[in-house]
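Secondary and tertiary structure notes
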Amino acid sequence: ARSIELMEGSGFEDIHFKANFFDNYVHHQHVGWAFMKLERTAHSWVRRVRISNVISIMAVRNSYAVSVIQLLVDGNRGHTTVGTVVSTRILTGLTWDNTNNSQWHGSGFATGANGSVVWRVDATKGESHDLHGDKPRTNLIDLYTSVDLTGNGGAVQNFPHHLSGLTIWNQKRVGGSSVNNYNVWGSGWWLVNPIIVGMHGTNTTFVQSSLKYEESNGAAVTPASLYEAQLEHRLGSKPAWVDAAIAEYESLKTAWYVPADPEPVAGVTVSPTTYTLGLGLTIDLTETIYPSNAANKAVSWSSSNTSVATVNSDGLVMAVAEGNATITVTTADGGFTATSTVTVTPVTGISVSPALHEAAGINIYPNPVNKGELNVGLTLSSGNDIALRIFNIMGRLVYSETIGSYGPGSYTCTRDTHMLNMHTPGVYIIEVNTNGVAERKKVILR
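A brief structural summary. Each chain carries its own residue numbering, running from 1 in the direction its sequence is written. Given that the model is predicted, a residue must reach a pLDDT of at least 70 before its local features are reported, and side-chain atom pairs must reach 80 or more before they are shown or counted; all residues, however, enter totals for whole chains, interfaces and linings. Hydrogen atoms and water are omitted, and side-chain values are computed over all heavy atoms in the structure.

Description of the overall build of the protein chain
For helices the rule is a DSSP run of H or I covering at least 4 residues; for strands it is a run of E covering at least 2, with both sets numbered from the N terminus onward. Broken down by element type, the protein chain carries two helices and 36 strands. To get the radius of gyration, use the C-alpha atoms; to get the globule rule, take the number of residues to the power 0.38 and multiply by 2.2 Å. In terms of C-alpha radius of gyration, the protein chain reaches 24 Å, essentially the compact-globule figure of 22 Å for 446 residues. Summarising its shape, the C-alpha atoms of the protein chain cover approximately 70 × 60 × 40 Å along the three principal directions. Three exposure classes are used, based on accessible area relative to the maximum for each residue type with a 1.4 Å probe and protein chains only: buried under 20%, partly exposed in between, and exposed over 50%. For the protein chain, buried positions account for 48% of its 446 residues. Residues count as neighbours in contact if any of their non-hydrogen atoms are within 4.5 Å of one another. When contacts within the protein chain are restricted to residue pairs at least 6 apart in sequence, long-range pairs at least 24 apart make up 62% of them. Of the accessible surface of the protein chain, which amounts to about 20,100 Å², a share of 52% is contributed by carbon and sulfur atoms. For the accessible areas, the method is Shrake-Rupley and the probe is 1.4 Å, while residue cover comes only from the protein chains on display.

Shown next as structure tokens:
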């Protein structure tokens, strides 16, 4: 043990921090400044802050009794939201992730964080909370709304993502794919027997043996917020600041977006930036103009090689011959450009050994997949041993795993694309082998 001298009583509020990160975020390739890091602080706070076009929002490290509330994160997607690291008694919450595709990692805990709370987070465009490993313990995730079930990360050597004492209360999933029989110890999460109460929204079920306790799957419970109920229980009444802070946060959601005067165009991005397209197939490219209140958002599209790929005025690309082409979007105001590279390949003649037949009994989703979790669903009519293999478009084996033996029923295998060695955008072949019978389906990684 060692003592740490803490700086007390530091407050940061009523700030709009604007940065200029407009690229399509690539995990661990794009790095940059964060808005803030509170290091070795106590009895300090951040509130009423808007952060725009920033890669990393902020972290609280080596600190005690700090609150970070009433945050708006918007503009272009980046890496992290609010992380609690090597700290205790930290409250982060009343956070609205309104970036264009949600931060890669949501708010959460890492590296010994304990006795802390993530409270009332709105991330309705993507990622969920982030449990980043290296022994966080005894924490609460309360009223987290997101598309995905999890936004966990961290190095493998730092697993599990969270030790004992994690409670997830009234998490709501909006949109996204159904998740069935999710094992929190080994299906992308590595959690030590969490308590999950009131998981609702998009269908999400768990392997019960991986949990310490579960209640009310599919419906929210009362009280809505465990954090608020515990304050009221321990103090005798709910502190007045709680409802006042929530009301102010809701009013800020409108005040933050009072229409600004139109501005000149400052830049443009295109998504996806690289991809593989089967001959005769199409893909819609999406441009994003910055700033969001630009006066003139008109663009034009062009192809460097129309004999390989054409593009129309709406950004729809069609593959017409094998080869490579660069698609360029250009803004009418300022002439800013962004490019996307397409590789056109045949849709037949893929050589994978051994020969496989197209599967009718397996379901791959999402497909196309941008990053993160990939789900393989299958239905077994009898007991089977299940094995999973991944091939790239050239027929090279990039991943192999023996999943195990299962009885009759429907199952979903969830894996992270990074773990599956699916690093380069393009077409991959997913093979599921059940008792020696191999079936395959194509999946596109953007």
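As for the packing of helix 1 (residues 226–235) against helix 2 (residues 240–255)
Contact geometry for helix 1 and helix 2: axes closest at 10 Å, N-to-C directions at 155°. It follows from the interaxial angle that helix 1 and helix 2 lie roughly antiparallel. Residues Tyr227, Glu228 and Leu231 of helix 1 form the contact with helix 2, whose participating residues are Trp241, Val242 and Ile246. Residues are sorted three ways: Asp, Glu, Lys and Arg are charged, Ala, Val, Leu, Ile, Met, Phe, Trp, Tyr, Cys and Pro are nonpolar, and all the rest, Gly among them, are polar. Classifying every residue of the contact of helix 1 with helix 2 by side-chain character gives five nonpolar, no polar and one charged. Under this scheme, a helix contributes an axis fitted over its contacting stretch, all axes are lines through C-alpha atoms, and angles between N-to-C directions fall in the 0 to 180 degree range. Angular relationships are summarised with four words: roughly parallel below 35 degrees, roughly antiparallel beyond 145, roughly perpendicular across 65 to 115, and oblique for the angles in between.

Brief notes about the layout of surface pockets
Buried and open spaces are told apart on a 1 Å grid over the protein atoms alone, a cavity being a set of points where a 1.4 Å probe fits but cannot get out and a pocket being an open set with protein on both sides within 12 Å along at least five of seven lines. Residues with an atom within 4 Å of a point are the lining residues. Grid points are joined across faces, edges and corners, and a volume is the space filled by probe spheres set on the points. By volume, the second largest pocket amounts to about 680 Å³. As for the second largest pocket, its lining consists of 28 residues, of which Arg50, Asp74, Pro291, Ser292 and Asn293 are closest to the centre. Put simply, the parts of the chain that give the lining of the second largest pocket at least two residues each are strand 2 (11–18), strand 4 (41–52), strand 6 (64–75), strand 8 (88–99) and strand 23 (286–290). Residue classes in the lining of the second largest pocket are distributed as 11 nonpolar, 12 polar and five charged.

What about the nonpolar core?
Think of a nonpolar core as a cluster: buried Ala, Val, Leu, Ile, Met, Phe, Trp, Tyr and Cys residues, connected wherever their side-chain atoms sit within 4.5 Å. If you look at the biggest cluster of nonpolar residues, it comprises 21 residues, and the most contacted ones within it are Tyr275, Leu277, Leu285, Trp301, Val317, Ile327 and Val342. Within the residue set of this core, elements represented by two or more residues are strand 20 (267–271), strand 21 (274–278), strand 25 (309–311), strand 26 (316–319), strand 27 (323–331) and strand 28 (337–345). With residues near it in sequence (within four places) discarded, valine 317 still touches Tyr275, Leu277, Leu281, Thr282, Ile283, Leu285, Ala309, Thr310, Val311 and Ile327.

Re the sheet that holds strand 34 (residues 409–416)
Strand pairing within a sheet occurs via backbone hydrogen bonds; the two strands may be parallel or antiparallel. The criterion for strand pairing is that DSSP finds at least two bridges linking the strands in question. Sheet architecture is open: three strands sit in the order 30-31-34, paired in antiparallel fashion. The sheet terminates laterally at strand 30 (362–365) and strand 34, the two strands that pair on one side only. Sheet twist, expressed as the average angle between the axes of neighbouring strands with direction ignored, equals 15°.

In short, shape yes, function no, at least from these values alone.
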